[in-house]
Amino acid sequence: MEFKDLEIFQMVAEKGTITEVAKELSYVQSNITSRIQKLEAELNTPLFNRHRRGMTLTPEGKKLLTYSKKILLLTDEMKKAVQNKNEPSGKLEIGTVETVIHLPKILSTYTKKYKNVDLSLFTGVTEDLEEQVLNHKLDGAFVSESDFHPDLVSHDVLQEELVLISDIRTTSLEESKEETILCFSEGCGYRARFKAWYKDQNLTPRKVMEFGTLETILRSVVVGLGVAFVPRSAVTHLEQSGLIRCYTLPDQYSKIKTVFIRRADAYLTSTMEKFIETIETNNQITV
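Residues numbered from 1 in each chain as written. Predicted model: local features only at pLDDT ≥ 70, side-chain atom pairs only at ≥ 80, totals over all residues. Heavy atoms only, no water.

### Quick word on the pattern of salt bridges
Oppositely charged side chains may form a pair once their charged atoms are brought near each other. For the structure on display, the rule yields 19 salt bridges. When the shortest N-O distance is used, the salt bridge between Arg50 and Glu40 registers 2.9 Å. With Arg50 in strand S1 (residues 48-51) and Glu40 in helix H3 (residues 29-43), this residue pair connects regions lying 10 residues apart in the sequence. The salt bridge partner of Glu277 is Lys274, with a shortest N-O separation of 3.9 Å. Highlighted residues: Glu277 and Lys274, both in helix H12 (residues 270-281), separated by three residues, approximately one helical turn. A single salt-bridge network, built from bridges that share partners, covers Glu2, Asp5, Arg35 and Lys38. (Salt bridge = Lys/Arg side-chain N within 4 Å of Asp/Glu carboxyl O. Helix = DSSP H or I, 4+ residues; strand = E, 2+ residues; numbered from the N terminus.)

And the structure:
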């Protein structure tokens, strides 16, 4: 049994069709089919149910998928464990919320120093990123601090002050309470803080609009579409330019910490170890 056969098996299980896997790997379909058939012959059991819409796992296939994930994770860990400690290399897949203002500096410092690392960045909201780290889909993620799963460990990155922002035509905090809330999707730490403030004020938002990027939210506030709850550091330039107004909320809603999370039980590779060192060097937490 070859590791590549397990990788292909896992991809077919996830995508449900040989066509998509062949396209992604730049293989001919017959190659994928023969590898799956070889695996089934070796294990003496069918792994997939074939039908017009694609392929689904048999009960035996589901069992193999569980083991193959563990095997491939251990294989990856094994490769990383024997890396040169002074010359980290290989893949590093990191997630982040949209609003980590110091992230470009951290990434730039790291990639310039460790040129053999293939670093990929994925964006999302805190809850989704936490789930992906737990499920080994990401090596780590920059998120808003919360009560994390016990299998995760966190490293401080920076302390932020969140402010409520509106366009310049809105002249008071009371007036802003009537505006549409512009925010990221559920699972965002900033949105959770804003919702808590509304709840404690016995208020119900008139309307909530979700956006995918911070830039779009800020532009929408400037043109008067609604209000948003964002880090002060991300909007100082807009306030100084007279494009928005900022309103300060009590510390229990506005003070928030950004942290980097990773699995506590994952082998600390030199690639990850040097990344954490870079974070700590650029740490913006003030005590």
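### So, unusual backbone geometry
Here the phi dihedral of Ser26 falls at roughly 60 degrees; this positive angle occurs in a residue that is not glycine. Locating Ser26 in the fold gives a position in the loop between helix H2 (18-25) and H3. According to the relative accessible area criterion, Ser26 is exposed, its value standing at 66%. For His136, which is not glycine, the phi torsion reads 65 degrees and is therefore positive. In this fold, His136 is placed in the loop between helix H6 (126-134) and strand S5 (140-144). Residue classification places His136 among the partly exposed positions, given a relative accessible area of 41%. (Buried < 20%, exposed > 50% of the residue type's maximum accessible area, 1.4 Å probe, protein only.)

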